[in-house]
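# Fold and geometry: a report
What follows is the residue order along each chain.
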Amino acid sequence: MLEKVIFSLKIIAWTIVVIFLAFLVEWFYRKVLAHMQHRVGPKLAGKLGILQPIADFIKLMRKRQISPAGTDEFFVDFTAIFGLWLMIIPTMFLPIFGLEGFISFEGDAVLIIMLLAISSLVYIVTPYLFPSPYPTIGAGRRAELYLSYEIPMFLAFASAIFAAGSLRISEIIFAPTIIRNDIPTGILLVPALIVAILSSMSRLKKVPFDAPVAETEIAGGWEAELSGRRLAFFNLLTDVKLFVMGAIITTFFLGGPLGPMILISGLEWILAPVWYGFWFFLKTVVVIFIITAVSAATARFRIDQVLKIFWDRLLYLSVFQVILLILWWSL
Amino acid sequence: MMDPLSVILLVIIPFILLTILYSLGKVARRETGREPFASGHAFPSTYIPYKPRWLYYIALFILWDIIVIFILFMASEMSLYVITSLLILIATMLAYPIRISKG
């Protein structure tokens, strides 16, 4: 019984930690994006504006909720909570402070990919709950985008799974370190890494793949009718998703928490998790920085251009990646 | 492998926490019951007559996508079922751009 209580407290603590990590990630994204665009970015709330995302969240939670007559109120509220919940669960499987996640079992890698696929449904279903043209058009674009990036992304993650020869995340983190024919698998996985980063940007609706939310064309698309606590929760969902995508790419392609460690005899129990956490967060921040830099340096593609990129380029690149792995291993 | 109670706790606790956090937000609405669009437009709210056929196709694709991943999850190794499911999934996805290119 006591064991279950401790387990429950750990889940509560971790959920709160993930929410605060998401706020931190949003601050980092906004700050980097602002500097790349010669702006200052958040600066008023807290040192260097680090508390600005929390202030924004509280402000939105205290604002009056507006929704057009005819909106399916219950399901919009449900999807706001359900979407965030779907993104918090995968973080429990990620090996952040050790070689295993908070929870680990054979097949957890596929469970994460499945949860990511289901989470996309939230963005497609929610806009149809509003009787408004902007969310409907945004949802249509979101669905087309999903159709384009899903298979390349799936094949990219599958490449890392094939390379590791395991469906367990605690074994997949070693995939880049496996040396075959004198070449580390991590180098062979570079095409998959590129596909994963670009697909993640599409999943996150970051520029240049932000056609579903294009403010200047469709007034924010599927987000147009969100306000108050709903908007607060969907904004938080986007931040959690940014962290989760960065962390998953780190886990599958960059060795997760693996890195050089300085351990002092007798203090390994505290130093090891600190080092693991340091390397994991450092790599995740680098991935998020790449996503931010690409977003800042590019302009929005039209929806047909996005589809062409994914169907004509990235799908072939991801198939090439799988063939490359098979050929290299059979040599 | 985790015991069923741990799985239930893992699923339920974050959901309850998020529900509590969500319920802390303000819900007050206008007395009239009718709201303007958040986007600022004054036209009356209505469902637009926009039901693209491909939406059903995409809905089926998403369903099939999740089923394939689930099959892979259950199989935990490459089998004829997994390879066939993956091939059907890729063929389903490719059907859409082929249809577009043919007009």
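What comes next is a walk through the structure. (Residues numbered from 1 in each chain as written. Chains lettered and ligands numbered in written order. Predicted model: local features only at pLDDT ≥ 70, side-chain atom pairs only at ≥ 80, totals over all residues. Heavy atoms only, no water.)

### Side note on the overall build of chain B
If you tally the helices and strands in chain B, you get three helices and zero strands. Ordered by position in the sequence, the α and β elements of chain B form the string α-α-α. Buried positions account for 29% of the 103 residues belonging to chain B. In chain B, 43% of the contacts between residues at least 6 apart in sequence involve partners at least 24 apart. When the accessible surface of chain B is summed, it comes to about 6900 Å², and 71% of that surface belongs to carbon and sulfur atoms. (Helix = DSSP H or I, 4+ residues; strand = E, 2+ residues; numbered from the N terminus. Buried < 20%, exposed > 50% of the residue type's maximum accessible area, 1.4 Å probe, protein only. Contact = heavy atoms within 4.5 Å. Areas by Shrake-Rupley, 256 points an atom, 1.4 Å probe, with all protein chains shown as cover.)

### Looking at the environment of Met 61 of chain A
Its location among the elements puts Met 61 of chain A in helix H2 (residues 52-61). Through-space distance from the C-alpha of Met 61 of chain A to that of Arg 230 of chain A is 8.1 Å; in sequence the pair is 169 residues apart. Filtering out sequence-adjacent residues up to four positions away, Met 61 of chain A remains in contact with Arg 229, Ala 232 and Phe 233 of chain A together with Leu 21, Tyr 22, Leu 24, Gly 25 and Lys 26 of chain B.

### Some details on the packing of helix H5 (residues 133-164) of chain A against helix H8 (residues 190-203) of chain A
Residue and element names in this part refer to chain A. Relative orientation of the contacting elements H5 and H8 amounts to 150 degrees, with a least axis distance of 9 Å. Taken together, H5 and H8 sit at an angle that is classed as roughly antiparallel. As for how H5 packs across H8, the hand of that crossing is left-handed. Along the contact surface, H5 presents Arg 142, Leu 145, Tyr 149, Glu 150, Pro 152, Met 153, Ala 156 and Ser 159, while H8 presents Ala 192, Val 195, Ala 196, Ser 199, Ser 200, Ser 202 and Arg 203. (Axes fitted to C-alpha atoms, helices over the stretch in contact; angles between N-to-C directions. Parallel < 35°, antiparallel > 145°, perpendicular 65-115°, else oblique. Left-handed = near helix turned anticlockwise from the far one by under 90°.)

### Brief notes about the pattern of salt bridges
All names here are of chain A. As enumerated under the stated definition, the model contains seven salt bridges over all chains in all. One salt bridge in this structure joins Arg 230 and Asp 77, with 3.0 Å as the shortest N-O distance. You can see Arg 230 sitting in helix H10 (residues 228-253) and its partner Asp 77 sitting in helix H3 (residues 73-91), a full 153 residues away along the chain. Neither residue differs from the other here; Arg 230 and Asp 77 are each classed as buried. When the shortest N-O distance is used, the salt bridge between Arg 300 and Asp 210 registers 3.4 Å. Remark: Asp 210 occurs in the loop between H8 and helix H9 (215-218) and Arg 300 occurs in the loop between helix H11 (268-297) and helix H12 (303-330); sequence separation between them is 90 residues. Under the relative-accessibility criterion, Asp 210 is labelled buried at 6%. (Salt bridge = Lys/Arg side-chain N within 4 Å of Asp/Glu carboxyl O.)

### Description of the environment of Val 322 of chain A
Residues and elements named next belong to chain A. In this structure, Val 322 sits in helix H12. Here Val 322 falls in the buried class, since its relative accessible area comes to 17%. In sequence terms Val 322 and Ala 156 are 166 residues apart; their C-alpha atoms lie 8.1 Å from each other. Once residues within four sequence positions are removed from consideration, Val 322 is found in contact with Leu 155, Ser 159 and Phe 162.

### Brief notes about the side chain of Thr 238 of chain A
Residue and element names in this part refer to chain A. Position of Thr 238 among the secondary structure elements: in helix H10. We classify Thr 238 as buried; its relative accessible area is 14%. With near-sequence residues (within four places) excluded, Thr 238 lies in contact with Tyr 123, Leu 204 and Lys 206.

Just geometry here; none of it tells us what the structure is for.
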